[in-house]
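Residue-level listing of the chains:
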Protein chains: 2
Amino acid sequence: MSHSLRQQTVAIVGLGLMGGSIALALRDRVAHLVGVDPDQGTLAYAQKKGIIDSGTQDLKAGVKDAQTVILAAPVQVILDMVRSRIGSYLRANTLLIDIGSTKAQICAAMGSLPISILAMGGHPMCGKERSGIDSADADLYRGRPFVLCAPRRSTPAARLRALELVTALGAVPIEMDAERHDQLVAGISHLPYLLSAAFVHTVEGESETDPMIWELAAGGFRDTSRLAASDVRMMTDIISTNSAAIARSLALFRVQLALLEVALVSQDQAQLETMLQAAHNARVMWAEQHQT
Amino acid sequence: MSHSLRQQTVAIVGLGLMGGSIALALRDRVAHLVGVDPDQGTLAYAQKKGIIDSGTQDLKAGVKDAQTVILAAPVQVILDMVRSRIGSYLRANTLLIDIGSTKAQICAAMGSLPISILAMGGHPMCGKERSGIDSADADLYRGRPFVLCAPRRSTPAARLRALELVTALGAVPIEMDAERHDQLVAGISHLPYLLSAAFVHTVEGESETDPMIWELAAGGFRDTSRLAASDVRMMTDIISTNSAAIARSLALFRVQLALLEVALVSQDQAQLETMLQAAHNARVMWAEQHQT
């Protein structure tokens, strides 16, 4: 039997920034919101603030009566839950969707779930510098792309239920296969993270001979190093599940950097300016079309 | 004869964001402010807004009566002025200071000026995303490092006059030799610019096979690509005068990126996390100590 979201019990597994923001966005759109989190303090906070209706540290207890289960945990935790436990806890016709940042391994694991579970891989393209439920924001997903990747054996019902959920969050659904998603985020998200970390290591190395470098750091350093301050455990988790796609992006990047370096060291100022202007134009066009 | 800044005529050559901000900061601290700019509209704007007392498109007319001349033009224009013209226009005991982003070539050129000119290389470590005199800000330099690099044959008088000027801007003087400055800014400023441009080219290349990549771009892309939108002519000018130091920074960066890639593709998650944590910690410590 199918229910609209408004009549459902929805379980959110993981009440960090992302899960907490989903809870806030769904607050008045579902019948009952269950929060599942290993941290008792997080659950107490979420209940006190009215972000969830009930909370539990026990995965099985939290998800067994839900018609929609949203996995908002780190990628490795999602993989572990999908591979080993959650399939046996869920009712038939439950929508199981995750929001992990890589999709190929998770969707492959979802493909082995019982056929009665409506599984869908998800990845909302948004975030915040601050993590944790106290940074949660009902509008975090509003107007942002939300990628949906169907596992093999996925059904039209799973798709429709996932689209309903994404729409309820105010996000813009984008459907694609998991491998394509992972290659795109390797370039747009994991590559810049590694560049940022390697850049900070470079400056750190320079600072060993000349500590003054830290004093001179201004806006250019700040912007390019910002991603290096991301949550390390979370990012290690993510990029470890996408190493092949990232290696490809790194190879493409090295070519582009080498082309710039050739123009620079050969003093080919016209070529250098042409290449830098192309990058400038692409960035400006993106900002005009996509930045709010 | 020496005057304090308050009794001086000060000429600012180049009324962009940086020169215009110097004018605003010095507005009530000098006897007379002359603006020199090739653009008549800029001069008219600066006079109408009371940013300068008088303006001219003629370099010689603008600087010949000044006791302090500040070159706030692009690096190549500064080099051209110092090498070919300005020495013969200035009075004895005039402080000539520039604010170009690289210092070795400019300070070398200053070393050939008449000995009666008090020459000093300068580089304020600040800026804004928007350029032009309409973005000028009296507080742009306040609390920011302002590097001073003495040319050969520099005198104590030049140093004291430059320190007085930097202090009047509210900036923090940092004295070092030009080669050291150029190596530091290669790492902290020119390297991230090239990384940003190469990153945008990489995404642009990916978009040729899959244009969807632009739709998925979020905060990570925004931060890491921001520098690529810098003024291209200005940046080409700057990095072309610092190619050896930048090549060294690029070589150091490649090593750091390769170390991260080795840990990633060999699935050495512990090593990867250790390296990423070190970058995280260095960035967080910098932000705590330096960001306002």
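Note that the structure is a prediction, hence the values are computed from the model and not measured.

Rules and cut-offs
Residues numbered from 1 in each chain as written. Chains lettered and ligands numbered in written order. Predicted model: local features only at pLDDT ≥ 70, side-chain atom pairs only at ≥ 80, totals over all residues. Helix = DSSP H or I, 4+ residues; strand = E, 2+ residues; numbered from the N terminus. Buried ≥ 20, exposed ≤ 12 C-beta atoms within 10 Å, placed from the backbone. Contact = placed C-beta atoms within 7 Å. pLDDT = per-residue confidence, 0-100. Least-squares fit on C-alpha atoms with pLDDT ≥ 70 in both. Domains from an automatic or database assignment. Nonpolar A, V, L, I, M, F, W, Y, C, P; charged D, E, K, R; others polar. Pairing = 2+ DSSP bridges. Axes fitted to C-alpha atoms, helices over the stretch in contact; angles between N-to-C directions.

Chemist: Sorry if this is basic, but what is going on with the overall build of chain A here?
Modeler: A count of helical and extended segments in chain A gives 13 helices and 8 strands. With the C-alpha coordinates aligned to their principal axes, the bounding extent of chain A is approximately 70 × 40 × 35 Å. The proportion of buried residues among the 292 residues of chain A is 54%. Looking at chain A alone, contacts between residues at least 24 apart form 69% of all its contacts between residues at least 6 apart.

Chemist: I would appreciate a short explanation of the confidence of the model for chain A in the present structure.
Modeler: In low-pLDDT segments, the atomic positions of the prediction should not be examined closely. On average, residues of chain A score 95 in pLDDT, and 98% of them are at 70 or above. The ipTM, which scores confidence in the relative placement of chains, is 0.91 for this predicted complex, and the corresponding pTM is 0.91.

Chemist: I tried to follow the relation of the copies chain A and chain B on my own but got confused; where do I start?
Modeler: Note: a rotation about an axis with an accompanying shift along it relates these two copies of the chain. Once turned by 180° and shifted 0.0 Å along the axis, chain A lies on chain B with an RMSD of 0.0 Å. The superposition operator between the copies reduces to a two-fold rotation axis. Mapped onto chain B, 99% of the interface residues of chain A again fall at the interface, so both copies present the same surface.

Chemist: Any chance you could explain the domain arrangement of chain A here in plain terms?
Modeler: The accessible area lost on association of the parts is a frequent measure of interface size. Residue and element names in this part refer to chain A. In terms of domains, chain A is made up of domain 1 (5-176) and domain 2 (181-290). For domain 1 versus domain 2, the distance between C-alpha centres works out to 32 Å. Domain 1 puts 13 residues into the contact, and the matching count from domain 2 is 9 residues. Counting only elements with at least two residues in the side of domain 1 that touches domain 2, the list comes to α4 (75-84), α6 (104-110) and β7 (145-149). Residue composition of the side of domain 1 that touches domain 2, by class: 6 nonpolar, 6 polar and 1 charged.

Chemist: Honestly, the sheet that holds strand β1 (residues 9-13) of chain B in this entry has me stumped. Any pointers?
Modeler: Note: strands within a sheet are paired through backbone hydrogen bonds, in either parallel or antiparallel orientation. All names here are of chain B. Taken in spatial order, the 8 strands of this open sheet run β3-β2-β1-β4-β5-β6-β7-β8, and their pairing is mixed. A strand with exactly one partner marks an edge of an open sheet, and here the two such strands are β3 (54-56) and β8 (172-175). Neighbour to neighbour, the strand axes of the sheet diverge by 25° on average, direction disregarded. With 4 bridges joining them, β1 and strand β4 (residues 68-71) adopt parallel strand pairing. Counterpart to Ala11 in the pairing with β4 is Val69.

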